[in-house]
Structures are given as structure tokens and as C-alpha cells.
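Fold and contact review
For reference, the chains in residue letters:
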Amino acid sequence: MTVSRRRFGRNAAAIAALTVSPASLMAVARDPRGELAAGTRPLGQTKAEDNAKLGISPEQAAEVDAKLANIIRKFGSRLSDEQRQHLRRILAYNERMLAGVRAFSIQNGDPPASVLRISPMREIKPDEAHHGGSSAIPAAIGKKPEGVH
Amino acid sequence: MLLEDTYFLSVRELGDQIRARKLSPVELAEGYLERGASIGAKLNAYATLTRELALQQARAAEKEIAAGHYRGPLHGVPYAAKDLVAVPGYPTTWGARPYANQKFDFNATVIERLNHAGAVLIGKAAMIELAGGLGYSGGAASLSGPCKNPWKTECWSCGSSSGSGAIVSAGLAPWALGSDTRGSILCPTAWCGVSGMRPSFGRVSRWGAMAIAWSMDKLGPLARTADDCGLVLSVIAGHDPKDFDSLPSGVAEFKYPFPPRANSKPLRIGRLTNVWRETDAGVESAVNDALKVLEKTGAKITEVEIHDEPYEEAAELTILMEAASSYQDLILSGRCAELIDPVGQINGYASMEFTAADYLQVQRVRTFLQTQIDKLFDDFDVLSAAGESSVAEKLNSPPEEDSAGPIERRAPDGISSLCGLPALSVPCGLSKDKLPIGIQFIGRALNDLAVVETARLFQQHTEWHRQRPPVS
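Residues numbered from 1 in each chain as written. Chains lettered and ligands numbered in written order. Predicted model: local features only at pLDDT ≥ 70, side-chain atom pairs only at ≥ 80, totals over all residues. Heavy atoms only, no water.

Some points on the overall build of chain B
Assigned secondary structure in chain B consists of 14 helices and 13 strands. Its C-alpha atoms put chain B at 60 × 55 × 45 Å along the principal axes. Relative to its full complement of 472 residues, chain B shows a buried share of 66%. Long-range pairs, those at least 24 residues apart, make up 78% of the contacts in chain B with a sequence separation of at least 6. A gap of 6 Å separates the mean positions of the 46 positive and 56 negative side-chain charges of chain B. (Helix = DSSP H or I, 4+ residues; strand = E, 2+ residues; numbered from the N terminus. Buried < 20%, exposed > 50% of the residue type's maximum accessible area, 1.4 Å probe, protein only. Contact = heavy atoms within 4.5 Å. Lys, Arg positive; Asp, Glu negative; His and termini not counted. Charge placed at Lys NZ, Arg CZ, Asp CG, Glu CD.)

Set out below in C-alpha cells:
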């Protein structure tokens, strides 16, 4: 089956329901200092197996655990143990998605698909375009004033 | 008392009858309201029926048409709107408990446009909470309860425009407005056996509609035919200075020729062969049969593969990152805990951990992916694939443990949503369990007409769109 936005949600929920609570994860997740390096964990083998199941490398697991620690630092009082496990799964999946994007080769000048529109809330009137001296403004909003080619 | 067949007429057919004064808008609205209260309630298809408004609009339409003031093909024709667009006087719940009592005192731009066209709002369609903006696990994640599929009520109608799909399928309105950030129109369209369209990004104003991800959200119609999708789009499309991403005047409008133009050149269709990793039995053969129908009309079908690039990742990450901002208040306040779905309750916390650099990296990669996909349209008028990889799933389907499996990088919804491309899905078969199968056509950005015309051509030669579900 596919892993899409909708299905991912399902999967994450399923995993939360299916996973046997690993004591190690809960202990680590509660660590307020965020000391989460894999080597410091009890039951390290279980952790490695968990990471393998999630398809993340030790480096990715470290990033996941750092993020989880930060979430728990900020919002831990709201989260049950089951939700902490669930969050780790979600973070691991996010990490896998990020890896695909980070690996994509781009250069310094390659721009993002986001732009600043300098006059977003109104149409530019032809007079303004002429007197403002910039044909880029109406072009940017696609309104071609009369006399501007 | 209207015949049941009337409720399954297309928008165009209803409009023609209303214009000719063979059909009363008031009688039609009353009939749909009655069906909404009975069949709609069984399916959990409506969040709210807007009875008073509907009858008021229907009476006004009847009076105007009788006086010779005909506004156009939607005049007096009922519709439903997903419960994420603002309509004064009624709740706009976004399908979510934290907003159960939310009301706005203005109309969304799309509703304003429909009011000007004389359309009749029957009700607010049920939806997945926050349109899945913070993630969800399945059909139960809705303030209105799980929306049942009219073809088989133990199955889901799919999300997040769940109600919109079920409403059209069961003949509770001739068309319904949906929203699509990544597949939320196309999936209910395919699973409910109707025709549904995600327009090009920026064509339909989203002002007054709930935001998930500003750079990906679109509004579009689910209807009985591709022709109806084109017809409705011609009314709701247009520049709106209040929507930051609205296409400019002269570009946003959708000019829809009817009767269809004669094609001077054969239609070029690219059959996407590697976008789904796995499909249900019968899905691929139904799509192939559908393409054979088009081939007989003179279309040229060519198999094409999408490069292995991170389309899905970029689409998903964009949504997660932008949703973390659009729902920041809900996340920081902890009120996300009030959501029904266990994913929605916590997913925002994970998304808050993305960095600005991550976001910009995704958006920089996105420009490359857009360019790459756009090049395909030098050779093809439309691309085609199954509307969904599976038929409707059961509402109580056991969850699958596969989040460690390969990410489906080339899922067509991810690609076309990420790149703002128009797509339209129409029914093209039934599974052995009598569940609908859809075929989708994807067009170059702004070439919405190509997808409408291709799907319309298919429907001129087939009857799948005339099939009705048992619950109707």
C-alpha cells in the first residue's frame, strides 16, 4: 500500500496502537535535558531495532530524538507515553521525507517557489503604472495596462 | 413530488429545465433538502442543512426567472459547500470540535460568486476535521461522524471532502464545492463514483475558506459530469485581490466553450505507468479500457514515466510546514487535543520542529520539480492515471504498519498538487465488489480546459457517470 498524507496518518495511529511500549523510549522521552544519543540509552538493541523498523539511520535517529526532546521540553505535560511514542514515529517519517529533499542538488542562486508581491491587495491602475515608472508591478500581477507593452 | 431521476440530472440538465420553467427551483430545493435530511443523515454527509437560506434563494430565483431575469446556468440550481467556507448565519465548523460553534458574518468569495449566479445553497457538506490539515487516521475524524460511501455504507467516502463526494453520489445535490490541498477532491471523487475537479492553483479564490497550506490549497467542484465541472468552474473562477495567491485578472477566469470545440489535432495523452506502487485488482484494467475508448476517438496514447524525484516528500512537507503555521494557535494553546483523531492531536508538535531552512529547501526543490513536470506537457495535452490506487476502503479497515516502507514519491496527487496543476477524475468502472474506479486527467498549469475536454470526451462515449449507488 502507498504511504500518502492520508495513509500516513493511519499508519502512525496504527503504530501507536500496535507498538509494545519500550521502556527505553519512554525514559528517554522524559529526559528534560534532551540527552538522547543512541549510545546512552538503556536497552540499546531495542532502540536500534526500532530505528531499523522506521527506516532511519543512527544520524537521523539522533535528530529525531533531539526534536522529540524539544517537544517534550515544551509540551511534555500534555503528552501521554503513548503519544510520545507516536510522535517519535511521526518525526522519523518526517526525517525520511526531509532526507529526500535535502539530497536534491541545488545551487546558491536557485530560488524558492515563494515570492514577495509588492502590491497584493489591489489592482494597479494604468495611470499609476505610467507615473510609477515600473512596468514590473503590473506585470507581476498580470494586469497589462494600456500603452504598456 | 419530483421523480427520483430528477435528483440525478446534471447541473446543465437542471439548469436547462429551470430556464425553460419546466422545473421549479423551489420544488427542487425542497426535494434535495428532504433527501439531505433523510439519506444525508444516514450517510453523515451534511454538517448543516441551510434550509432557510436555500428556500429564500430558490424563491428569489423562481421569481427572477419568471420575470425574465435569467442569470445563467447555475440560476436556481442547488449545491452544497464544504463546511470550511464562510456563510453568514450558519456554523462553519471546519469539521472540528474546537470550531464547532464558529460563525462568520461574511460570505467567502466563492459563495459570493455563486450568490451572484443565483445558485441555491442546500447545506454545508461534512468534512474531515481541519480537512486533514493536522493529519488524520481515517473517516471517523469528523465532527459529523464518519461519512459513509453511498455505494457501500460500510465503506468510507474518502477525505477530506467526504461529504461533498457522498452528497453528489447519492443525489443529495447536483454538485458540491470541495477543497483540495493534496487529493481531497480527487479521492472522494474516485471512491464515490462522481466527477470532480481540482482547478489550477490560484484560479478560484480561497478568501473566506479555511487555510491549511497557502501554497497548495484549492477549491473546486464535485459534480455528476466533467461538463458540469467546467460549467461550475466558469462561474467560480476569477481574480480576487483578497486572496494573495489569486491569479491575475485576465488569467484567473475560466472560459468554457459549449458546445465543445472541434479538435483539429488528435488529443495526446501520456499514460503514467510508474506513479502508483500498487493498485487494487481491476483498477489498472479499468483505466486501460477507458484509454482505449479515447483512443477510438482518435486520441494518441503514449506510456510515460515520471522521474524518481522527491515529489511526494516536497508536497507532504510543504503541507506539514505551512499547516504548522496556519494552526499555530491551535497547537500552542493545546486545543489540538480536542481533535478527534490521535494523529491530529499531536502531529502539529512534530511539524513545529521543522526549520525555516527546511521550508526554503523544500520550496527551492519545488521550482525544479515544477519545471520538470511542465516539460512533459510539451509532448502531451494531458497525463492520465487511476484516480486512486484503490477502491473505497472499509471504515473499520485494520490499520497497516507500513510507515517504514518506501515513500510513494510519484503519487499523482502529490505531483499535481505540488505543482498547482489542474486535475479531473471521472468514473471509469466498478470493482467486483461494485465499488467505483476512477481515471484522472492532469493538465499543464492553467490548461484546465484540456482536462475538462478530455474527461468530457470520455463521458460522451461511456455511461459510467450515469451509474447510481444503491443508497440513493
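Now that the structure is up, let's keep going.
Things to note about the overall build of chain A
Looking only at helices and strands, chain A has seven helices and zero strands in total. Traced from its N-terminal end to its C-terminal end, chain A shows the element sequence α-α-α-α-α-α-α. The buried share of chain A, reckoned over its 149 residues, is 46%. The contacts of chain A with a sequence gap of at least 6 include a subset with a gap of at least 24, amounting to 58%.

Here's the deal with the layout of surface pockets
Residue and element names in this part refer to chain B. Each pocket or cavity is described by its volume, and for the second largest pocket that value is around 450 Å³. Around the second largest pocket, the lining is made up of 25 residues, and of these Ser10, Glu13, Thr225, His465 and Arg466 lie nearest the centre. Of all the secondary structure elements, the ones that give two or more residues to the lining of the second largest pocket are α1 (11–19), α5 (162–169) and α14 (448–460). For the lining of the second largest pocket, the class distribution of residues is nine nonpolar, eight polar and eight charged. (1 Å grid on protein atoms, 1.4 Å probe; cavity = no way out; pocket = protein on both sides within 12 Å on 5 of 7 lines; lining within 4 Å. Points joined across faces, edges and corners; volume = space filled by probe spheres on them. Nonpolar A, V, L, I, M, F, W, Y, C, P; charged D, E, K, R; others polar.)

Quick word on empty space enclosed by the protein
All names here are of chain B. Under the counting rule described, the total for this entry stands at six cavities of 30 Å³ or more. Empty space within the second largest cavity amounts to approximately 70 Å³. Taken together, Leu84, Ser179, Asp180, Thr181, Arg206, Ala209, Met210, Ile212, Asp217, Lys218 and Leu219 make up the lining of the second largest cavity. Those elements that place two or more of their residues in the lining of the second largest cavity are β6 (175–180) and β8 (218–223). In terms of residue class, the lining of the second largest cavity is made up of five nonpolar, two polar and four charged.

Some thoughts on the packing of helix α5 (residues 81–102) of chain A against helix α11 (residues 342–351) of chain B
Interhelical geometry of α5(A) versus α11(B) gives an angle of 60° and a closest axis separation of 9 Å. Between α5(A) and α11(B), the angle is such that the two are oblique. Of the two possible hands of crossing, α5(A) and α11(B) adopt the one that is right-handed. Two secondary-structure elements touch here, α5(A) through A:Gln83, A:His86, A:Leu87, A:Ile90, A:Leu91 and A:Asn94 and α11(B) through B:Pro342, B:Val343, B:Gln345, B:Ile346, B:Asn347, B:Tyr349 and B:Ala350. Split into classes, the residues belonging to the contact of α5(A) with α11(B) amount to eight nonpolar, five polar and no charged. (Axes fitted to C-alpha atoms, helices over the stretch in contact; angles between N-to-C directions. Parallel < 35°, antiparallel > 145°, perpendicular 65-115°, else oblique. Left-handed = near helix turned anticlockwise from the far one by under 90°.)

Some thoughts on the packing of aromatic side chains
A full pass over the atoms with the stated rule returns 11 aromatic pairs over all chains. For the ring pair A:Phe75 and B:Tyr349, a centre distance of 4.6 Å and an interplane angle of 35° mean the geometry is tilted. In this pair, A:Phe75 is assigned in helix α4 (residues 58–75) and B:Tyr349 in helix α11, connecting two distinct chains. Plain terms: the ring middles of B:Tyr79 and B:Trp175 are 5.0 Å apart, the flat faces sit at 10° to each other, and that makes the pair stacked. Taken together, the residues B:Tyr79 in strand β2 (residues 78–82) and B:Trp175 in strand β6 connect sequence positions 96 residues apart. For the pair formed by B:Tyr79 and B:Trp175, the shared burial category is buried. The structure contains a cluster of three or more aromatic residues connected by ring pairs, namely B:Trp94, B:Tyr99, B:Phe104, B:Phe106 and B:Trp207. A cation over a ring is seen here: B:Arg12 above B:Phe258, with NZ or CZ 3.4 Å from the ring centre. Across from the ring centre of B:Trp207, 3.9 Å away, lies the NZ or CZ of B:Lys242, which sits over that ring. (Phe/Tyr/Trp six-rings, centres within 6.5 Å; stacked < 30°, edge-to-face > 60°. Lys NZ or Arg CZ within 6 Å of the ring centre and 35° of its normal.)

Observations concerning the sheet that holds strand β9 (residues 268–272) of chain B
Residue and element names in this part refer to chain B. Strand order in the open sheet formed by 11 strands is β1-β3-β2-β6-β8-β7-β12-β13-β11-β9-β10, and the pairing between neighbours is mixed. Whereas interior strands pair on both sides, the edge strands pair on one side only; in this sheet they are β1 (46–49) and β10 (300–304). Strand-to-strand, the axes of this sheet are offset by a mean angle of 30°, without reference to chain direction. Here strand β7 (residues 195–198) pairs with strand β12 (residues 423–430) via three bridges, running antiparallel. Note that in β12 the partner of Met197 across the bridge is Leu424. Most of the contacts of α5 go to β6, to which it runs at about 155°, and overall it touches β1, β2, β3 (120–125), β6 and β8. (Pairing = 2+ DSSP bridges.)

Here we look at the nonpolar core
Residues B:Val85, B:Val110 and B:Leu130 are the most contacted members of the largest nonpolar core, which totals 175 residues. Dropping the residues within four chain positions of it, B:Leu130 is found in contact with B:Trp94, B:Ala96, B:Tyr99, B:Met210, B:Ile212, B:Tyr327, B:Leu330 and B:Leu339. (Core = buried A, V, L, I, M, F, W, Y, C linked by side-chain atoms within 4.5 Å.)

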